[in-house]
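# Secondary and tertiary structure notes
Spelled out from the first residue to the last, the chains are:
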Amino acid sequence: MHELGIVFHVIKRLENLASEQNLSAIQSVTLEIGEVSGVVPSYLTDCWQWAVKKTSVMQNSALRIETIKAVTLCNSCKQTYSTVEHGKTCPFCKSGDTVLSVGNEMNIKEIEAC
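Below, the structure is looked at part by part. (Residues numbered from 1 in each chain as written. Predicted model: local features only at pLDDT ≥ 70, side-chain atom pairs only at ≥ 80, totals over all residues. Heavy atoms only, no water.)

## Side note on the side chain of Ser95
With respect to the helices and strands, Ser95 occurs in the loop between helix H3 (83-86) and strand E5 (98-102). Judged by relative accessible area, which is 14%, Ser95 ranks as buried. Polar contacts involving the side chain of Ser95 include one to the side chain of Ser76, which spans 2.9 Å. Every residue in contact with Ser95, bar those within four places of it in the chain, is listed here: Cys74, Ser76, Lys88, Thr89 and Cys90. (Helix = DSSP H or I, 4+ residues; strand = E, 2+ residues; numbered from the N terminus. Buried < 20%, exposed > 50% of the residue type's maximum accessible area, 1.4 Å probe, protein only. Polar contact = N/O pair within 3.5 Å; in protein donor to acceptor, adjacent residues only side chain to side chain. Contact = heavy atoms within 4.5 Å.)

## Points about a nonpolar patch on the surface
A contiguous nonpolar surface patch, about 210 Å² in accessible area, is contributed by Val36, Val84 and Leu100. For Val84, the position within the fold is in helix H3. (Patch = residues over 30% accessible without salt bridge, like charges linked within 9 Å, V, L, I, M, F, W, Y side chains within 5 Å. Areas by Shrake-Rupley, 256 points an atom, 1.4 Å probe, with all protein chains shown as cover. Salt bridge = Lys/Arg side-chain N within 4 Å of Asp/Glu carboxyl O.)

## Details of the sheet that holds strand E2 (residues 62-68)
Ordered by their spatial adjacency, three strands build an open sheet running E2-E1-E6, and the pairing between neighbours is mixed. At either margin of the open sheet sits one strand with a lone partner, and together these are E2 and strand E6 (106-113). Each strand axis lies, on average, 20° off the axis of its neighbour in the sheet, ignoring direction. Of the pairings in the sheet, the one linking strand E1 (residues 26-34) to E2 comprises seven bridges and is parallel in character. Residue pairing for E2: Gly34 is matched across the bridge by Ile68. Taken strand by strand, helix H1 (residues 3-20) contacts E1 and E6, and its axis lies near 45° from that of E6. Sitting on the sheet, helix H2 (residues 41-51) is in contact with E1 and E2, with an inclination near 160° to E2. (Pairing = 2+ DSSP bridges. Axes fitted to C-alpha atoms, helices over the stretch in contact; angles between N-to-C directions.)

## Let's talk about the nonpolar core
Formed by 19 residues in total, the largest nonpolar core has its most connected members in Leu44, Trp48 and Met58. Counting only elements with at least two residues in this core, the list comes to H1, E1 and H2. The element contributing the most residues to this core is H1, with six residues. Sequence-distant contacts of Leu44, that is, excluding residues within four places in its chain, are made with Glu3, Ile6, Val7, Leu31, Ile33, Val39, Leu63 and Ile65. (Core = buried A, V, L, I, M, F, W, Y, C linked by side-chain atoms within 4.5 Å.)

## Examining unusual backbone geometry
We note that Asn22 has phi near 55°; this positive angle belongs to a residue other than glycine. Here Asn22 is to be found in the loop between H1 and E1. With phi around 70°, Lys94 is a residue other than glycine that occupies positive phi space. Looking at the secondary structure, you find Lys94 in the loop between H3 and E5. According to the relative accessible area criterion, Lys94 is exposed, its value standing at 60%.

## Considering the state of the cysteines
Under the definition given, this model contains zero disulfides. With no disulfide of its own, Cys74 lies closest to Cys93 among cysteine sulfurs, the gap being 3.6 Å. Cys77 takes part in no disulfide bond, and the closest cysteine sulfur to it belongs to Cys90, at a distance of 3.7 Å. (Disulfide = S-S within 2.5 Å.)

All we've got here are geometric facts, nothing functional implied.
Encoded structure:
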């Protein structure tokens, strides 16, 4: 389960930010997670709820998750399409010469703090 490692990494970054900015508490964090990133949101949430209790600055911090839809670009016809719906084969020209444009990333989008 790599979700726990992701949670530890995010918490560490936010603790550093809190220290640099003299923040007393972080109320919520919004993460953007790519649709095909391999991250399971329910696992991430479970890990988050367990891990934030171990840090004073984030003890009651809520986690919000937003999904980034996966989009693939066809190198043959230059069209983009939904990756999850169509996979690696372009639905327009049937080419397999495609590349994932977005949907595999994870970003810290927003932090609410005081």
